[in-house]
Amino acid sequence: MTTSAHAYSISRSSTASRVAAVAGVLVLIVLVSAPLWAGRADMRLLSEIFLYLSLACLWNLLAGYAGLVSVGQQAFVGFGGYMLFALAIFAGLSPLAAIPLAGLLGAVIAVPVALLIFRLRGAYFAIGTWVIAEVFRLSFAQVSALGGGSGTSLPVAIVRDMASSRSMREATTYWLALAMAVIVLAVIYLLLRSRNGLALTAIRDSELASESFGIDIWRNKFVVYVLTAGLTAMTGALIFLQKLRISPDAAFSVNDWTAFVIFIVVIGGIGTLEGPIIGVIVFFLLRETLSDLGTVYLLILGVVAIAVMLKAPKGLWGTLKERTGLELFPLARRVVKKKS
Amino acid sequence: MTHLRKTLGISRRTFLAGASAGLAAPAILTRTRAYAANPVIKIGHVSPRTGPLAGFAEADDYVLAGIRQALAGGIENNGKTYQVEIISKDSQSNPNRAAEVASELLLGEEVDLIVAASTPDTTNPVSDQAELNEVPCITTDCPWQPYFFGRNGDPQTGFDYTYHFFWGLEDVINAFLDLWQQSGVAKTVGGLFPNDADGNAWGDEIHGFPPALAGEGYALTDPGRYQPLTDDFSSQISAFKEAGCDIITGNMIPPDFATFWAQSAQQGFTPKVVTIGKALLFPSVIESLGDRGDGLTSEIWWSPNHPFSSSLTGVSSKELADGYMAASGRPWTQPIGFKHALFEVATDVIRRSADLEDPNAILEAIQKTKLSTVVGPVDWSNGPVRNVTKTPLVAGQWQKGPNGFDLVITANRSAPFIATTGELKLLS
């Protein structure tokens, strides 16, 4: 009888992840209290960062884990934005109620979309998602009640009615954006730790092998696609609550809602939960310091993307993880020696 | 201080993620708000410096340099001299980005007044942000209907904080009708209106071209809204051919017009007068059309021949345009006058405001503006709706001369004080 069988166990957490969890909670407390210490512009910038973080995490789940490389997520961002405007202007709903409803509608509309484009694979799937987004854009451009191709503004009165005072309204918008990012991170984290997550990780590593283990690939991908669409639509509703104005070109902008998001995920590290967080920080540091340079700024973004893809194809976090095995979100299982 | 906090906010997240400290570039720390002995008034400026609308902003550097020079000594208000800081941001021709930089200016820089110019994609998102954040806002360079109705404006109540000066659809319709009447061609018109902010306003069944043309006895063939950046105008061209249209009008972006005009030539469609809004403003576009650019007609908002001069620097329209051509080596463009006038109005408002610390006092100064600018009089007491005042509009033709294309004023019925400089020639 050997004792070695008892000296080892399977564990998910590590020292790094436990430290990260404590630090994460502390950071969250600091961020929740931002309306007390941050200026209006800082809160606005942080909100934008949270919303981009949500989009990036969702795209990462889609492309990095489920292998669904979509370049048409702007379809759901725009759809969510338009639903917010429609529900607020026509149904008289408060934006606070319209946002989750927009997310629900986004998930509902994603079902027929998924049935259609899941017939396509690889590059054809990517192009297909873009086509869907263009169909959405052209369709909303025909809805004259929502301004058609001209777009429309959210009446200022609707936004003012959200809260009793200006500072309360700004704090509410900020908390909504923060909550969105936390919800997205939590949903993805819990999903990846679940049975479905194990299946997704297997699909990420080898689709063929996982299918031979009896994983229903289609169903797993379908669930991820619909879930992502709903959360992306909710994020879209929040984005356009901040922008106050929506038009088909702005709502379904492939640059703003997909190209930048892919940049963030690729820079940070695709297929890791930490990657999008790193990527969003890098992206906003570049933007806040360089965007006044005009076209040069976009050139620099391109150069950074090329450099990272050549030197660190797994992204910043992917490379770090490869070298150190560091993982802040306890997802991987590892064998650890018991202390006795 | 705001920048410092911004950095802190980011670096906490950096810490969370355990990223290398090298990422937290301290570059953003460099600027903090200076509280000098001389009080400072901040004007935020949003303009499409890059992207498809960049032509509208190509003279920004020249105009802003002139304004900054004129304001170097500050502005006197109630016996106190204020330094003026103009903070200019690029919208990248993107309404999403325009809203974002506007909010950076309003919330981050805490500007006292925000100005913006060039098409509804810039003026409308900036105005919406200013309205919500209760900061006075002045815009120009966008017909007033897409500005006002495009923002769900109600003529009864209007907006509180946002004001606009430019011309409207009724003016462009009048100018075009005047031009066509001189041409003496048959009253059959083909309309090309895209499904975008301008196109929907121009083609509107109530406020746009269709009712106005019908009222003047013109038969309009309108094949419906086309999607911008389409690559096929065959169906429109055959509809115009079938109706025997002698006149083509509409509001297009330059690439769409180039496509339409090339396909018209291929398909043997030869109208006698082609008068298009927006697409034919810039000399570079006309030159890119080669010989087919000769004889096209367009609205003219401003030209070196306009009999106005700057209230700020005293330069005439001609001197302003010549100065730009000498500085840049490029031909003058119409937005130059309006960009200059925008800052004339802003300066005048700051000078007259009863209390520069109070947004409502600045607002009152805007409402009471009576200023003669380089693009004409600006006075919000006599606009078509609250928040809007109109500047004069004429129409004219691109004619090829010995020194390249020249924009000749041929129709001035609604603004006879702007002299015509030539006669209209038919295309075929």
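Please read these numbers as outputs of a predicted model, since none were measured by experiment. (Residues numbered from 1 in each chain as written. Chains lettered and ligands numbered in written order. Predicted model: local features only at pLDDT ≥ 70, side-chain atom pairs only at ≥ 80, totals over all residues. Heavy atoms only, no water.)

Overview of the overall build of chain A
And step 1. Looking only at helices and strands, one finds 17 helices and four strands in chain A.
And step 2. Taken over C-alpha atoms, the radius of gyration comes to 21 Å for chain A, in line with the 20 Å a tight globule of 340 residues would show.
And step 3. Each principal axis of the C-alpha distribution contributes one length, and for chain A these read about 75 × 50 × 40 Å.
And step 4. With 340 residues in all, chain A has 56% of them scored as buried.
And step 5. Looking at chain A alone, contacts between residues at least 24 apart form 78% of all its contacts between residues at least 6 apart.
And step 6. Carbon and sulfur atoms provide 69% of the accessible area of chain A, an area that totals close to 14,600 Å².
And step 7. Counting 27 positive and 16 negative side-chain charges, chain A places the averaged centre of each group 8 Å from the other. (Helix = DSSP H or I, 4+ residues; strand = E, 2+ residues; numbered from the N terminus. Rg over C-alpha atoms; globule rule 2.2 N^0.38 Å. Buried < 20%, exposed > 50% of the residue type's maximum accessible area, 1.4 Å probe, protein only. Contact = heavy atoms within 4.5 Å. Areas by Shrake-Rupley, 256 points an atom, 1.4 Å probe, with all protein chains shown as cover. Lys, Arg positive; Asp, Glu negative; His and termini not counted. Charge placed at Lys NZ, Arg CZ, Asp CG, Glu CD.)

With respect to the interface of chain B and chain A
And step 1. Between chain B and chain A, the contact holds 47 residues from the first and 60 residues from the second.
And step 2. At the boundary of chain B with chain A, total buried surface from both sides reaches about 4,600 Å², with 57% on carbon and sulfur atoms.
And step 3. Here chain B and chain A share four salt bridges between them.
And step 4. The partner of Arg160(A) in a salt bridge is Glu134(B), with the nearest N and O atoms 3.5 Å apart.
And step 5. There are 19 residue pairs in polar contact (both at pLDDT 80 or more) connecting chain B and chain A. (Buried area = accessible area lost by both parts, 1.4 Å probe. Salt bridge = Lys/Arg side-chain N within 4 Å of Asp/Glu carboxyl O. Polar contact = N/O pair within 3.5 Å; in protein donor to acceptor, adjacent residues only side chain to side chain.)

Comments concerning a nonpolar patch on the surface
All names here are of chain A.
And step 1. Taken together, the side chains of Leu28, Val32, Met168, Trp175 and Val182 present a nonpolar region at the surface, about 380 Å² in accessible area.
And step 2. When residues of the nonpolar patch are traced back to their parent elements, those giving at least two are α2 (15-32) and α9 (166-193).
And step 3. Note that Leu28 resides in helix α2. (Patch = residues over 30% accessible without salt bridge, like charges linked within 9 Å, V, L, I, M, F, W, Y side chains within 5 Å.)

Comments concerning the pairing of strand β15 (residues 394-401) of chain B
Residue and element names in this part refer to chain B.
And step 1. Among the eight residues of β15, six are classified as buried, and the element is accordingly described as predominantly covered.
And step 2. The pairing of strand β11 (residues 297-300) with β15 spans four bridges and is antiparallel. Opposite Ile300, over in β15, you have Val394 as the bridge partner.
And step 3. As paired elements, β15 and strand β16 (residues 404-411) share seven bridges and run antiparallel to each other. Its bridge partner lying in β16, Ala395 is registered against Ala411.
And step 4. From the end of β15 to the start of β16, which pair antiparallel, there are two residues. (Pairing = 2+ DSSP bridges.)

Comments concerning the environment of Ser316(B)
Residue and element names in this part refer to chain B.
And step 1. By the secondary structure assignment, Ser316 is in the loop between β11 and α12 (317-328).
And step 2. By relative accessible area, which is 25% here, Ser316 ends up partly exposed.
And step 3. Sequence separation between Ser316 and Ser234 is 82 residues; the distance between their C-alpha atoms is 45 Å.

A word on the sheet that holds strand β4 (residues 113-117) of chain B
All names here are of chain B.
And step 1. Strand order in the open sheet made by the seven strands is β2-β3-β1-β4-β5-β6-β14, with mixed pairing throughout. Edge positions in the sheet fall to β2 (75-77) and β14 (388-389), since each of these pairs with one other strand and no more.
And step 2. Sheet topology places β2 next to strand β3 (residues 80-90); three bridges connect them, and they run antiparallel. Bridge pairing links Asn77 to Lys80 in β3.

Re the side chain of Ser298(B)
Residue and element names in this part refer to chain B.
And step 1. Mapped onto the elements of the fold, Ser298 is located in strand β11.
And step 2. For Ser298, a relative accessible area of 1% corresponds to the buried category.
And step 3. Setting aside anything within four residues of it in sequence, one finds Ser298 in contact with Phe176, Thr275, Ile276, Leu280, Leu281, Ala395 and Gly396.

Here we look at the packing of aromatic side chains
And step 1. Counting across every chain of the model gives 48 aromatic pairs over all chains.
And step 2. Ring centres of Phe136(A) and Phe252(A) lie 6.4 Å apart, and the angle between their planes is 75°; this geometry places the pair in the edge-to-face category. Of this pair, Phe136(A) sits in helix α7 (residues 122-140) while Phe252(A) sits in the loop between α13 (248-251) and α14 (254-268); the two residues are 116 residues apart in sequence, bridging distant segments of the chain.
And step 3. According to the relative accessible area criterion, Phe136(A) is buried, its value standing at 11%.
And step 4. A relative accessible area of 2% places Phe252(A) in the buried class.
And step 5. Taken together, a centroid distance of 5.7 Å and an interplanar angle of 80° make the contact between Tyr163(B) and Trp380(B) edge-to-face. (Phe/Tyr/Trp six-rings, centres within 6.5 Å; stacked < 30°, edge-to-face > 60°.)

Things to note about the domain arrangement of chain B
Residues and elements named next belong to chain B.
And step 1. According to the domain assignment, chain B consists of domain 1 (39-167 + 305-389) and domain 2 (170-300 + 394-411).
And step 2. With centres defined by C-alpha atoms, the gap from domain 1 to domain 2 works out at 29 Å.
And step 3. Facing 15 residues of domain 1, the contacting portion of domain 2 comprises 15 residues.
And step 4. Both sides together, the interface formed by domain 1 and domain 2 hides about 1,400 Å², and carbon and sulfur atoms give 70% of it.
And step 5. Linking domain 1 with domain 2 are zero salt bridges.
And step 6. Across the domain 1-domain 2 interface, the total number found is three residue pairs in polar contact (both at pLDDT 80 or more).
And step 7. Here the side of domain 1 that touches domain 2 gets three residues from one element, more than from any other, and that element is helix α5 (residues 144-148).
And step 8. Class assignment for the residues of the side of domain 1 that touches domain 2 results in nine nonpolar, six polar and no charged. (Domains from an automatic or database assignment. Nonpolar A, V, L, I, M, F, W, Y, C, P; charged D, E, K, R; others polar.)

With respect to the pattern of salt bridges
And step 1. For the structure shown, the criterion picks out 31 salt bridges over all chains.
And step 2. One salt bridge connects Asp61(B) with Arg49(B), and the closest N-O pair in it is separated by 2.6 Å. Note that Asp61(B) is positioned in helix α2 (residues 60-70) and Arg49(B) in the loop between β1 (40-47) and α2, a separation of twelve residues in sequence.
And step 3. Overall, the relative accessible area of 53% leaves Asp61(B) in the exposed class.
And step 4. Where Lys278(B) meets Asp196(B), a salt bridge forms, and the shortest distance between an N and an O atom there is 4.0 Å. Taken together, the residues Lys278(B) in the loop between β10 (273-277) and α11 (283-288) and Asp196(B) in the loop between β7 (188-192) and α7 (197-202) connect sequence positions 82 residues apart.
And step 5. The exposure class of Lys278(B) is buried, given its relative accessible area of 15%.
And step 6. According to the relative accessible area criterion, Asp196(B) is buried, its value standing at 14%.
And step 7. Each member of the salt-bridge network shares a partner with another, and the members are Glu48(A), Arg287(A), Glu288(A), Lys89(B) and Glu104(B).

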